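Residue strings, one per chain:
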Amino acid sequence: AESVAMTAAAATEAPKAVSGYITEPKNIKDVLSNARKIMDTCAACDVAGAGRCNGKGPCGETVPGMGGKRQSFVRNIEAFEGMSLNMRTVHTISHPNTEIELLGVKLSMPILTGITGGLTYNMGAANKLAFDGEVMTEEKYARGIIEGAANAGSLGWAADGIGDPLETYKRRMSVVSEFKGRAVAQIKPRTQPEIFERLDIVQAAGAPFFAIDVDSAGRAARALPGKTVEPKDLKKLKEIVNYAKIPFIAKGIMTVDEALMCAEAGCGAIIVSNHGGRVLSSTPATMHVLPAIVKAVRDRGYKLPILVDGGVRDGGDVLKALACGAQAVLVGRPMLRASLGGGVKGVEMQFKRFHTELVSSMVLTGVADVNKVDPAVLVQQV
Ligand SMILES: Cc1cc2nc3c(=O)[nH]c(=O)nc-3n(C[C@H](O)[C@H](O)[C@H](O)COP(=O)(O)O)c2cc1C
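Rules used in this analysis
Residues numbered from 1 in each chain as written. Predicted model: local features only at pLDDT ≥ 70, side-chain atom pairs only at ≥ 80, totals over all residues. Heavy atoms only, no water. Helix = DSSP H or I, 4+ residues; strand = E, 2+ residues; numbered from the N terminus. Buried < 20%, exposed > 50% of the residue type's maximum accessible area, 1.4 Å probe, protein only. Contact = heavy atoms within 4.5 Å. Areas by Shrake-Rupley, 256 points an atom, 1.4 Å probe, with all protein chains shown as cover. Expected span 1.5 Å × (residues − 1). Pairing = 2+ DSSP bridges. Axes fitted to C-alpha atoms, helices over the stretch in contact; angles between N-to-C directions. Core = buried A, V, L, I, M, F, W, Y, C linked by side-chain atoms within 4.5 Å. Parallel < 35°, antiparallel > 145°, perpendicular 65-115°, else oblique. Left-handed = near helix turned anticlockwise from the far one by under 90°. Nonpolar A, V, L, I, M, F, W, Y, C, P; charged D, E, K, R; others polar. Right-handed = clockwise from strand over helix to strand, strands pointing away.

So what's going on with the overall build of the chain? Which residues, and what values?
Along the backbone of the chain there are twelve helices and ten strands. By residue count, 57% of the 382 residues in the chain fall in the buried class. In the chain, once contacts between residues fewer than 6 apart in sequence are set aside, the share between residues at least 24 apart is 71%. Accessible surface computed for the chain: about 15,100 Å², of which carbon and sulfur atoms make up 55%.

Structure below.
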């Protein structure tokens, strides 16, 4: 949820009807078909099946918002595609364990939704009638993500957009509060007092932890007057940790030194992320920086969970991320489309699909437990 606030005009216009919806989507294909209809900015290309987009077309558009020249986005996707799994099937593992515990919360799988929001300014989906005949709103979108994830035994994120008035944020947090302990929230790297104001609301809503996407700091240049975001130094990270009553996750970490600073500041976890390529168009792939970050953090004895996002498109990708030392992944655009095209059921279906693929990948590589994935699962490249 990135730039301009929903305008009053958009909110009062009559909702636009969209024709051709599959009103009771039965599978992810149906959900994606619906998503394509509601998103002005995204054709949700089905390049490699399952709505997977390679960032190159054929839509010629974004998926949505790949940022600049799309390099960072494309690198994320290609990094996963470039990794191979060692297939091993002479063993006894047919029901591998996919459960993890993340900062005190039990999850059915090491997969959370990505952090996405902004129907109006990010998805071109505002004020349209959704597949169920009701108007698509921020709350409805957030509900799809959060309730869908909770039903799947995982966690969904509510987002914060720089231009979002506090009211919009509160509306999303009212959805979070319905799922006490089973929904999480993000705050933009605003000024410290603004962060604390939103954090009070997040905590009152019962979120077990929260994230700040520190990599949104660059948007300071584009922020609206009075809507300030800023880089956070070690001192400010520590202030946030001290203020918070719940663990603080720093999202958007791409280098070893910053990962170590977050650990030193007392962050509950970090998310290795380049914001899905949306903030800087020439970063490395997240999977290419993850192993060095994991090694440095663990070598110094820090135990905080390390998560990763960007380009995770199937269960095999999840296994690859775990083999590189991540404890869990976040899935952005596929969950986004699932919520837009199928609401709560759509997101549930998307989680189920990832879970099935993950289990199958584990059986086919001889992995018994997502908490103990040997790096040897990956073919070592020479
Ligand atoms: C439409 C859209 C909106 C986003 N809004 C936010 C946001 O508000 N906060 C945030 O931390 N990240 C935001 N992101 C970035 C995602 O959380 C995530 O880092 C990225 O999408 C993951 O990559 P993937 O989509 O390839 O899975 C957004 C991404 C998209 C596509």
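So, helix 7 (residues 192–204): which residues are in play, and what are the values?
Given a rise of 1.5 Å per residue, 13 residues ought to cover 18 Å, and the 18 Å separating the end C-alpha atoms of helix 7 matches this to within 8%. Buried within helix 7 are the following residues: Gln-192, Ile-195, Phe-196, Arg-198, Leu-199, Ile-201, Val-202 and Gln-203. Summarising the contacts, the buried residues of helix 7 are in contact with helix 6 (166–178), strand 5 (183–187), strand 6 (210–213) and helix 8 (234–243). Directly after helix 7, the chain includes Gly-206, whose backbone phi takes a positive value near 85 degrees.

So what about the sheet that holds strand 6? Which residues, and what values?
On the basis of which strands lie adjacent, the open sheet formed by eight strands has the order 3-10-9-8-7-6-5-4 and parallel pairing. The sheet is open, and its two edges are formed by strand 3 (111–113) and strand 4 (156–158), each paired on a single side. Taken pair by pair, the neighbouring strands of this sheet meet at an average axis angle of 30 degrees, ignoring direction. Relative to strand 6, strand 5 runs parallel, the two sharing three bridges. Pairing of Ile-187 across the sheet is with Ile-212, part of strand 6.

Residues and numbers for the nonpolar core, please.
Within the largest apolar cluster, 112 residues are counted, with the highest numbers of intra-cluster contacts made by Val-202, Phe-210, Ile-270 and Leu-340. Tallying contributions element by element places helix 12 (residues 333–365) first for this core, with ten residues. Excluding its chain neighbours within four sequence positions, the residues that come into contact with Val-202 are Tyr-169, Met-173, Ala-185, Ile-187, Ala-207, Phe-210 and Ile-246.

Describe the packing of helix 7 against helix 8, and please don't skip the residues or the numbers.
Where helix 7 meets helix 8, the closest approach of the two axes is 11 Å, and the angle between their N-to-C directions is 25 degrees. Classified by the angle between their axes, helix 7 and helix 8 sit roughly parallel to one another. Regarding helix 7 and helix 8, the two cross each other, and that crossing is right-handed. Across from Gln-192, Ile-195, Phe-196, Leu-199 and Asp-200 in helix 7, the residues of helix 8 making contact are Lys-236, Glu-239, Ile-240 and Tyr-243. Taken together, the residues of the contact of helix 7 with helix 8 sort by class into five nonpolar, one polar and three charged.

Break down the pairing of strand 9 (residues 306–309) for me, citing the residues and quoting the values.
Side chains Ile-306 and Val-308 project from strand 9 onto one buried face, and the interleaved Leu-307 and Asp-309 project onto a second face that is buried too. As defined by bridge partners, strand 8 (residues 269–272) adjoins strand 9 across three bridges and the pair is classed as parallel. For Val-272, the partnering residue across the bridge sits in strand 9 and is Val-308. Here three bridges tie strand 9 to strand 10 (residues 328–331), and the two strands are oriented parallel to one another. Looking at the pairing, Asp-309 lines up with Leu-330 of strand 10. Crossover connection from strand 9 via helix 11 (residues 315–323) to parallel strand 10: handedness right-handed.

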